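Chain by chain, the residues:
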Amino acid sequence: MAENTIIRFEDVSKRYDEMEVLKSVSFDIERGKFYTLLGPSGCGKTTILNLIAGFTDATNGDILIDGKKVNDVPPNKRKVNTVFQDYALFPHMNVFENIAFGLRIKKMNQKTIEQKVSEALRMMRLEGYANRDISEMSGGQRQRVAIARALVNEPDVLLLDEPLSALDLKLRTEMQYELRELQQRLGITFIFVTHDQEEALAMSDEIFVMKEGEIVQSGTPVDIYDEPINRYVADFIGESNIVEGTMVEDYRVAFGGKVFECVDGGMRPNERVEVVVRPEDLILTSPGRGNLVVKIDTQLFRGVHYEIIGYDEEGNEWMVHSTRRAIVGEQVGLSFEPQDIHVMRFDETEEEFDARIETYTEEGERV
Amino acid sequence: MMEKRSFKWANLYLVFVFLLLYAPIAYLIYYSFNAGGTMNSFTGFTWEHYQAVFEDTRLIRIALDTLKLALSSALAATIIGTFGAIGIYYVKKRRTRNTLLSFNNILLVSPDVIIGASLLILFTMVGFQLGFTSVFLAHIAFSIPIVVLMVLPRLQEMNDSMVTAARDLGANSFQVLSRIILPSITPGILAGYFMAFTYSLDDFAVTFFVTGGGFSTLSVEIYSRARQGVSLEINALSTILFLFALGLVVGYYFIQQGLEKNKRKRTAVKDPTNHEKAVSPR
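In this text, all values refer to a predicted model and were calculated from it rather than measured experimentally.

Focus: the overall build of chain B
Secondary structure summary: chain B contains 12 helices and zero strands in total. Going through the 282 residues of chain B one by one, you find that 28% of them count as buried. Counted over contacts in chain B with a minimum sequence separation of 6, partners at least 24 positions apart contribute 76%.

Some details on the overall build of chain A
For chain A, the count of helices and strands is nine helices and 20 strands. Viewed in the frame of its principal axes, chain A has a C-alpha envelope of about 75 × 45 × 40 Å. Relative to its 367 residues, chain A shows a buried fraction of 40%.

Describing the pairing of strand β4 (residues 60–65) of chain A
Each regular strand displays side chains that alternate between the two surfaces of the sheet. Residues and elements named next belong to chain A. Bridge count for strand β1 (residues 5–16) against β4 is five bridges, and the pairing is antiparallel. If you follow I7 over to β4, its bridge partner there is I65. As paired elements, β4 and strand β5 (residues 68–69) share two bridges and run antiparallel to each other. Directly across from L64, in β5, lies its bridge partner K69. Between the end of β4 and the start of β5, which pair antiparallel, lie two residues, with D66 showing a positive phi angle near 55 degrees.

Section: the sheet that holds strand β3 (residues 34–38) of chain A
Residue and element names in this part refer to chain A. The sheet built from six strands is open, its strands ordered β6-β7-β8-β3-β9-β10 with mixed pairing. Both outer strands of the open sheet, β6 (80–83) and β10 (214–219), are each paired with one neighbouring strand and no more. Each strand axis lies, on average, 20 degrees off the axis of its neighbour in the sheet, ignoring direction. Of the strand pairs in this sheet, strand β7 (residues 157–161) and strand β8 (residues 189–194) are connected by five bridges, and their pairing is parallel.

Section: the sheet that holds strand β11 (residues 241–249) of chain A
All names here are of chain A. With antiparallel pairing, the five strands of this open sheet are ordered in space as β13-β12-β11-β14-β20. Two strands lie at the open edges of the sheet, namely β13 (258–261) and β20 (342–345), each paired on one side alone. Geometrically, the sheet is characterised by an average inter-axis angle of 45 degrees between neighbouring strands, direction not taken into account. Bridge count between strand β14 (residues 271–277) and β20: four bridges; the pairing is antiparallel. Residue V273 lies in a different strand from β20, and its bridge partner there is R345.

Brief notes about helix α1 (residues 45–53) of chain A
Think of an α-helix as turning once every 3.6 residues; residues three or four places apart then point the same way. All names here are of chain A. Most of α1 is tucked away: eight of the nine residues are buried. The set of residues buried in α1 consists of K45, T46, T47, I48, L49, L51, I52 and A53. Positive backbone phi, at 95 degrees, marks G54, one or two positions downstream of α1.

Notes on unusual backbone geometry
All names here are of chain A. Residues other than glycine seldom take positive phi values, yet Y87 does so here, at roughly 70 degrees. By the secondary structure assignment, Y87 is in the loop between β6 and α2 (95–105). On the neighbour-count criterion, Y87 (23 C-beta atoms within 10 Å) is buried. Unlike most non-glycine residues, N270 shows phi in positive territory, near 60 degrees. With respect to the secondary-structure elements, N270 resides in the loop between β13 and β14.

Quick word on the interface of chain B and chain A
Tallying the contact residues gives 23 residues for chain B and 24 residues for chain A. At the level of secondary structure, the elements contributing two or more residues to the side of chain B that touches chain A comprise α7 (160–168), α8 (173–201), α11 (232–268) and α12 (275–278) of chain B. Of all the elements, α7 of chain B adds the most residues to the side of chain B that touches chain A, at six residues. A breakdown of the residues in the side of chain B that touches chain A according to their chemical character gives nine nonpolar, 10 polar and four charged.

A few points about the confidence of the model for chain B
Residue and element names in this part refer to chain B. Across chain B, pLDDT averages 85, with 89% of residues at or above 70. The low-confidence segment residues 267–282, where pLDDT is below 50, has 15 contacts with residues more than four positions distant or belonging to other chains. Both scores are available for the predicted complex, with the pTM at 0.78 and the ipTM at 0.79.

Digging into helix α4 (residues 94–109) of chain B
Its 16 residues place the ends of α4 of chain B 22 Å apart at the C-alpha level, agreeing with the 22 Å of an ideal helix rising 1.5 Å per residue. Here α4 of chain B lies mainly on the outside; one of its 16 residues are buried.

A word on the packing of α2 of chain A against helix α4 (residues 139–151) of chain A
Residues and elements named next belong to chain A. Relative to each other, α2 and α4 sit at 30 degrees, their axes nearing to 7 Å. Taken as axis vectors, α2 and α4 run roughly parallel relative to one another. Considering only the axes of α2 and α4, their crossing is right-handed. In contact with V95, N98, I99, F101 and G102 of α2, α4 contributes V145, A148 and R149. Class assignment for the residues of the contact of α2 with α4 results in five nonpolar, two polar and one charged.

Some words on the domain arrangement of chain A
One frequently used descriptor of interface size is the decrease in accessible area upon assembly of the parts. Its domain assignment divides chain A into domain 1 (5–226) and domain 2 (239–360). In this structure, domain 1 of chain A and domain 2 of chain A have C-alpha centres spaced 37 Å apart.

Remarks on the nonpolar core
By size, the foremost hydrophobic cluster in this structure holds 139 residues, and its most contacted members are I52, I99, A148 and I191 of chain A. Ranked by the residues each element gives to this core, the list is headed by helix α6 (residues 132–157) of chain B, at 12 residues. Not counting the four nearest positions on each side in its chain, I99 of chain A is found in contact with V117, A120, L121, V145, A148, R149 and V152 of chain A. Counting nine residues, the second largest nonpolar core, distinct from the first, contains Y31, L218, I234 and A236 of chain B.

Quick word on the packing of α2 of chain A against helix α3 (residues 110–123) of chain A
All names here are of chain A. Packing of α2 against α3 leaves a shortest axis separation of 10 Å and a crossing angle of 130 degrees. As the angle between them shows, α2 and α3 are arranged oblique. In this structure, the crossing between α2 and α3 has a hand that is right-handed. In contact with F96, I99, A100, L103 and R104 of α2, α3 contributes I113, K116, V117, A120 and L121. Taken together, the residues of the contact of α2 with α3 sort by class into eight nonpolar, no polar and two charged.

Rules used throughout
- Residues numbered from 1 in each chain as written.
- Chains lettered and ligands numbered in written order.
- Predicted model: local features only at pLDDT ≥ 70, side-chain atom pairs only at ≥ 80, totals over all residues.
- Helix = DSSP H or I, 4+ residues; strand = E, 2+ residues; numbered from the N terminus.
- Buried ≥ 20, exposed ≤ 12 C-beta atoms within 10 Å, placed from the backbone.
- Contact = placed C-beta atoms within 7 Å.
- Pairing = 2+ DSSP bridges.
- Axes fitted to C-alpha atoms, helices over the stretch in contact; angles between N-to-C directions.
- Nonpolar A, V, L, I, M, F, W, Y, C, P; charged D, E, K, R; others polar.
- pLDDT = per-residue confidence, 0-100.
- Expected span 1.5 Å × (residues − 1).
- Parallel < 35°, antiparallel > 145°, perpendicular 65-115°, else oblique.
- Left-handed = near helix turned anticlockwise from the far one by under 90°.
- Domains from an automatic or database assignment.
- Core = buried A, V, L, I, M, F, W, Y, C linked by C-beta atoms within 7 Å.

Structure (structure tokens):
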């Protein structure tokens, strides 16, 4: 086991009666990084969190924290703390007592407790709120109290179960910065559960994309965004144009009635593939200069950009994000670069995907 | 115009109903001050019946016994009932939980006479001496379902993830119970105790069955004295009891008000040292 590994799952599965919510999942979590479990509701991401915290038992497999098997260790004996989705603050205690709860359980003396709690209050910018009742705090403030209450125990790992989902958009964005900054300052491992891809991309060192009890792809935000393993990931993370095509040979792919140069390889010649081009990588140009010609169908103003939908001659739908207006009904060219094209094979597992990339990518080109 | 009229009728109806309900009690209280000695006609004002009550050492002893019984049986029932409610709440299977709750509710609605008779049969079968202890046990028995019924809604209102959070923060089962669950359901426990206390205080039927050995409660005593011929001493005693009950209700009201006010006050206080007072010394 790598020295830096703090949590390891070895073929962990979990079933409730007939429902298999986690299918033999294995992964390592490294010390001091920000991890995100990303997926739609019911994909098993919260189950992983509960397994780490000890709120549920694994049906099969081993869970190791700091190299020790913890399958039978109760939650109160694990050096892991959780920030709950509904915060789960104690309404019969004030802010100070909420944060001090874990320290009092550990029977620390009053002076140490006061010192640690006021430090936590300062860290979460809650000075002056120590004697407030929980009912008096706003949603964002409760959120901070919940984080302070968990962090004051100095856990090895902080688990966050969709903690931002109850906040409004502006506050949510603010908290994203704050959480990221907090994690880097403290150097504690954060495991963040969310179904919001923007949150995941903005904060994480590493993202686990999950689907139906399995980890579909794991990697850095850039890896996952630029090189999604399949349609599911490409669709889930950001907007994307996914069209069917044929891999003519390495670095040459056909779609939309033409053959394009690309940076992918390692497939069988003439294999059916799916091609992803992100809407922001498409540039509107004149029909003569574009790689593809589309007829503009609809246009929506999104504030930051126009969302333009067009169809090529094969009937593929293309979404373009452009700061320039297009005219509905007009023929326009779409230009893009070879590195904007990402080719995906059907039914490729993460291991096969990684192995294929190894074989055709030059040393050091892909980290 | 029409609306106003019908509104007045509603008020009148309300006044009528309350008059009807309180008239017998008022009548009884009125004659407790009658110098005439009977309830046939009011001949003059006197305190002598009250004097007689306070000079009647047997009656005073019974009154104190009744109070002692109510306080202690309510306490025991509250402890047992609270844990019972927690037990029922944490039964995982919905069917089992509902069955347990139904058993609890059946005891609440079944007639006192049946409970009293069955307890009498039980006590005599096992050869239990009838007296304070048998009455005490009987009162606990019929008070438990009330406590369960008062505490259970509080548990259901409680946010379950609080318990998970407390476990997460290192609390063991006992600490979860004492620091999270019990404080959250305290209003229910207090209400349960109060209800159990009043039920025990005014119970007649069950006590009548299982008492013996010279032990008696006020209800039973009043009943047996009333059978021997109504003396105005009983009116005086009943008046005192009525005022006591009234005092309880008023007291309960003010305690509740005080709790709420206290809560509001605590939130308003910004004294930085205040938290030390809130800390429970454990």
